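# Observations on the three-dimensional arrangement
In case you want the letters, here they are:
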Amino acid sequence: MCGLCGFTGHVASRDEVLEKMTSVITHRGPDSVGYYKDNRISMGFRRLSIIDLEGGHQPIYNEDKSLVLMFNGEIYNHNDLREELKQCGHKFYTKADSEVLVHGFEEWGEKLLDRLRGMFGFAVYNTKDGSVFIARDFFGIKPMHYAVVNDQLIYGSEIKSILEHPDYVKKFNYKALDNYLSFQYVVPPETFFEGIYCLLPGHYMWFRDGKVKVTRYFEPSFEPDMTLTEKEAVDKIEAVFENSVNAHKISDVEVGCFLSSGVDSSYVSTYFADQKTFTVGFDFGERYNEISWAEGLSKEIGVEHHTHLIGSEEFWEAVPKVQYHMDQPLADPSCIALYFVSKLASEYVKVVLSGEGADELFGGYTIYNEPHVFKTYQKLFPQKMRYALARKAKKWPHIKGRGYILRGARKTEDKFIGNAFMYDDEEKSQILRDPSIVTRPQELCKKFYERAKGYDDETKMQYLDINLWMVGDILLKADRMSMANSLELRVPFLDREVWKVARTIPTKYRIAHGTTKYALRQAALRHLPKATAQKPKLGFPVPTRVWLKDEKYYNRVKEMFTSETAKKFFNTDLIVSYLDEHFTGKDDNSRKVWTIYVFLVWYNIYFGNTEK
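All figures in this text were calculated on a predicted structure; none of them were measured in a lab. (Residues numbered from 1 in each chain as written. Predicted model: local features only at pLDDT ≥ 70, side-chain atom pairs only at ≥ 80, totals over all residues. Heavy atoms only, no water.)

### Considerations on the sheet that holds strand β16 (residues 351-353)
The line we're drawing: In short, DSSP must find at least two bridges between two strands for them to pair. A run of DSSP states H or I qualifies as a helix once it reaches four residues; a run of E qualifies as a strand once it reaches two. Both are numbered from the N-terminal end. Lines fitted to C-alpha atoms define the axes, with helix axes restricted to the stretch in contact, and inter-axis angles between N-to-C directions lie between 0 and 180 degrees.
The five strands are arranged β15-β14-β13-β16-β17 in an open sheet whose pairing can be described as parallel. In this open sheet, the two edge strands, each paired with only one partner strand, are β15 (304-310) and β17 (488-490). Along the sheet, successive strands turn relative to each other by an average axial angle of 30 degrees, direction set aside. Pairing analysis gives three bridges linking strand β13 (residues 255-258) to β16, with the strands arranged parallel. Paired with V255 across the strands is V351, a residue of β16.

Below is the structure:
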């Protein structure tokens, strides 16, 4: 895994600027550094050596050096592509997967992307016409950001590289704060930095003559094969997943595996006999500690297991460091746990496999059961009657059945914005000092629901999560937390061949028999103990709600909530009341409190007192 950055045009002290942009992402690639410069572009690169340790240094060129490549990621079918390109007359000088990209781009242009199996963010510079081509992988496993300033391009694997460029004037993006408060992450392509954008997954861009043109080349559309039997579906999943894991294990360095108590990483770990697995937990009982469960599975499948128990103060002290590495605030507290398990793994290996993507592709989140749960209610009561009941239920106290009536009244498109829903538009209008920036989060989701027309409700929810939640939360934290520890994280569920199977699995095999991810669990059951394969979805439990009832951490958050930074954005009396209600046990506001706290920590790191 690596990091890249660069800019077109001229600046004073160009070498110094490029060195700063490259050095701030040293954690992405501590093994070596590479540069390319001519009179039109300056390109920087940091390398984490995984394939062809001696010969894979970048930049990489084609035969006549008219194309210059810098690449972050892994191409798992590079050997097959190499042979095909050799038959086309191309000469190779390394064994690195990166060289396949530069020759492939020369041979096939943009169509190269349709042939790739892997994760990637790469830039190709054409020395003849000065154009720059940048691409990002199908699902957004690897990041890419860019800005256009004074008709010149600035780009980087991480935003912090772009911030080092003297022509980019750092300015806070209030639009991002609005959607962050609802989604718990910044919805791409927006970022918290005005003028800096995230290149979306499955997209490429050209920079020519001072202009950026972005094109989508991959659409994760579902096409269920209703002729599949359950056994055929399970057989297909098992076969393609084994193929994917084996492809993802190819490396010139040792590969390990993250291991939780859930089915996804556990299934991956069954292919790691006699190798290393890694788990972290908290000292708050079984709900927040999967270590004993993972240790038991490790013994059963025969792996060398390593663990770390995260202390309370250790966790809280890591919050600023984590938010720095994230580039943008992420209110998912599991990103901090992911930081610690990545840190643990990096002490033993350079590469790990993990279970990200299984829930989105195979229907694993508990909330995907919701359309089935409300089906009878919505059949019995017309929509007007459901709305009337919901209006009455809003005035009720928080009693059993109230939430059912409220959620059952609304269509999926009106209530589901993804796996996290922090603040609605009414709440944002109350807590923000400037309510003029407030929008309904459902409006942002509209375009995705439009593209998902014709799908059933469960599949609509999956489609939305693949395009929003998985990109803005799951894969962002996976990349940033592993790279913060100079660790390459690979995700075999988010493989193009696996997707070809996942998209054909009918809903009745995804959500069935009262469980989610049913067909995948049946495939895993052939390799795992029944208790693991059928274990309910938990996520990565972090005891924030417990800590926020501890006076020590309550006071830490309250100090932040009454700070000058907080007063800049929020009605502080109201957000302190949220904190107080949680502390006294009146209401569980832990997620809403954490969302604001994380934002304030992040803001102080990246803006401090620079915004007046």
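### What to know about the sheet that holds strand β10 (residues 197-198)
Going by this rule: Note on definitions: a residue-residue contact is assigned when non-hydrogen atoms from the two residues lie within 4.5 Å.
The strand order across the open sheet built from six strands is β2-β3-β1-β9-β8-β10, with neighbouring strands paired in antiparallel fashion. Because the sheet does not close on itself, it has two edges, and the strands there are β2 (32-37) and β10. For strand β1 (residues 2-8) and strand β3 (residues 41-47), the ladder comprises seven bridges, and the chain directions are antiparallel. Bridged to C2 within β3 is R47. Strands β1, β2, β3 and β9 (152-156) of the sheet are contacted by helix α1 (residues 14-23), whose axis makes an angle of about 35 degrees with β3.

### Considerations on the nonpolar core
To keep things clear, this is the line we draw: Nonpolar cores are built from buried Ala, Val, Leu, Ile, Met, Phe, Trp, Tyr and Cys residues. Side-chain atoms within 4.5 Å join them into one set. Exposed residues in this analysis have more than 50% of their type's maximum accessible area, buried residues have under 20%, and partly exposed residues fall in between, with area computed by a 1.4 Å probe over protein chains only.
Counting residues in each nonpolar core, the largest one holds 183 residues, and the members touching the most others are F122 and F599. No other element matches helix α28 (residues 590-606), which puts 11 residues into this core. Beyond its immediate sequence surroundings of up to four residues, F122 is in contact with L4, L69, M70, F71, L101, L112, L113, L116, F133, I134, A135 and M144. Counting 19 residues, the second largest nonpolar core, distinct from the first, contains L4, A123, I134 and L153.

### Considerations on the state of the cysteines
Condition: Criterion for a disulfide: a pair of cysteine sulfur atoms at a distance within 2.5 Å.
According to the stated counting rule, one finds zero disulfides in the structure shown. Take C2: it sits in no disulfide, and the sulfur closest to it among the cysteines is that of C5, at 12 Å. Free of any disulfide, C445 has its nearest neighbouring cysteine sulfur in C198, separated by 16 Å.

### Quick look at helix α17 (residues 441-451)
Working note: α-helix, 3.6 residues per turn, so residues spaced by three or four point in the same direction. Selection rule: Our arc is simply the arc of the directions from the helix axis toward the C-beta atoms.
Along α17, the positions that sit buried rather than exposed are P441, Q442, C445, F448 and Y449. Buried residues of α17 fall within an arc of 110 degrees about the axis and therefore sit on the same side. Those residues of α17 that are buried are in contact with α5 (174-183), α15 (412-415), α16 (425-431) and α18 (457-467).

### Quick word on the environment of G6
Relative to the assigned elements, G6 resides in strand β1. For the pair formed by G6 and Y146, sequence separation is 140 residues and the distance between their alpha carbons is 9.6 Å. When sequence neighbours within four positions are dropped, the list of residues in contact with G6 reads M21, S42, M43, L153, I154 and Y155.

### Comments concerning the pairing of β1
The buried fraction of β1 amounts to seven of the seven residues, a majority that puts the element mostly inside the structure. As paired strands, β1 and β9 are joined by three bridges and run antiparallel to one another. Across the sheet, residue F7 finds its bridge partner in β9, namely I154.

### Some remarks on empty space enclosed by the protein
Here is the rule we go by: Two kinds of site are reported from a 1 Å grid over the protein atoms alone, namely cavities, where a 1.4 Å probe fits but cannot get out, and pockets, open sets with protein on both sides within 12 Å along at least five of seven lines, and residues are called lining when an atom falls within 4 Å of a point. Grid points are joined across faces, edges and corners, and a volume is the space filled by probe spheres set on the points. Under the scheme applied, nonpolar residues are Ala, Val, Leu, Ile, Met, Phe, Trp, Tyr, Cys and Pro; charged residues are Asp, Glu, Lys and Arg; polar residues are all the others, including Gly.
Applying the stated criterion across every chain, the model contains three cavities of 30 Å³ or more. Reported here for the largest cavity is a volume of approximately 180 Å³. As for the largest cavity, its lining consists of 20 residues, of which C198, Q328, V471, G472 and L476 are closest to the centre. Ranked by the residues each element gives to the lining of the largest cavity, the list is headed by helix α19 (residues 469-483), at six residues. Among the residues making up the lining of the largest cavity, the classes are represented as 10 nonpolar, five polar and five charged.

### Observations regarding unusual backbone geometry
Look at the link from Q58 to P59: it is a cis peptide, with omega at 10 degrees. Backbone torsion omega between P188 and P189 reads 15 degrees, so that peptide bond is classified as cis. Relative to the assigned elements, P189 resides in the loop between α5 and β10. Of note, N150 is a non-glycine position whose phi angle comes to about 55 degrees, a positive value. Even without glycine at this site, Q184 takes up a positive phi of about 75 degrees. Mapped onto the secondary structure, Q184 falls in the loop between α5 and β10. Looking at Q184, the relative accessible area reads 4%, which means it is buried.

### A short note on the side chain of S42
As a reminder of what qualifies: The definition of a polar contact used here is a pair of N or O atoms within 3.5 Å, where within protein one atom must be able to donate a hydrogen and the other to accept one, and adjacent residues in sequence count solely through side-chain atom pairs.
Relative to the assigned elements, S42 resides in strand β3. A polar atom in the side chain of S42 sits 3.4 Å from the side chain of R14. Not counting chain neighbours up to four residues away, the residues in contact with S42 comprise C5, G6, F7, R14, L18, Y36 and K37.

### A few points about the packing of aromatic side chains
As a reminder, the rule being used: Two aromatic rings, drawn from Phe, Tyr or Trp (for Trp, its six-membered ring), form a pair once their centres lie within 6.5 Å of each other, and the interplanar angle then sorts them: stacked below 30 degrees, edge-to-face above 60, tilted otherwise. Distance and angle both matter: a charge sits over a ring if NZ of Lys or CZ of Arg is within 6 Å of the ring centre and within 35 degrees of the ring normal.
Per the stated rule, a full pass over the model turns up 68 aromatic pairs. Arranged with centres 5.4 Å apart and planes meeting at 65 degrees, the rings of F138 and F218 form a pair that is edge-to-face. You can see F138 sitting in the loop between β7 (132-136) and β8 (145-149) and its partner F218 sitting in the loop between β12 (211-216) and α6 (230-248), a full 80 residues away along the chain. By relative accessible area, which is 4% here, F138 ends up buried. By relative accessible area, which is 8% here, F218 ends up buried. Ring centres of Y180 and F599 lie 6.2 Å apart, and the angle between their planes is 40 degrees; this geometry places the pair in the tilted category. Of this pair, Y180 sits in helix α5 while F599 sits in helix α28; the two residues are 419 residues apart in sequence, bridging distant segments of the chain. The residues Y180 and F599 share a single accessibility class, namely buried. It is K65 that lies over the ring of Y61; its NZ or CZ is 4.9 Å from the centre. Above the ring of Y324, the side-chain terminus of K160 is found at 4.8 Å from the ring centroid.

### Considerations on the packing of α18 against α19
This is how the line gets drawn: Each angle receives one of four descriptions, namely roughly parallel if under 35 degrees, roughly antiparallel if over 145, roughly perpendicular if within 65 to 115, and oblique otherwise.
Taken N-terminus to C-terminus, the directions of α18 and α19 make an angle of 55 degrees; their axes are 4 Å apart at the nearest point. As far as their axial angle goes, α19 and α18 are oblique. Mapping the contact onto sequence places L464, D465, I466 and N467 in α18 and W469, M470 and V471 in α19. In the contact of α18 with α19, the residues fall into five nonpolar, one polar and one charged.

### Quick look at helix α3 (residues 97-108)
Where we set the bar: One less than the number of residues in a helix, times 1.5 Å, gives the span that helix is expected to have.
Taking 1.5 Å per residue, 12 residues should reach 16 Å; α3 reaches 16 Å between its end C-alpha atoms and fits that length. Across the 12 residues that make up α3, a large majority, 10, are buried. Of all the positions in α3, only D97, S98, E99, V100, L101, V102, H103, G104, F105 and W108 are classed as buried. On its buried side, α3 packs onto β4 (60-61), β5 (67-75), α2 (78-87), β6 (118-126), β7 and β11 (203-208). Among the residues trailing α3, G109 stands out with phi positive, at a value near 60 degrees.

So far we have only geometry, and geometry alone does not tell us how the molecule works.
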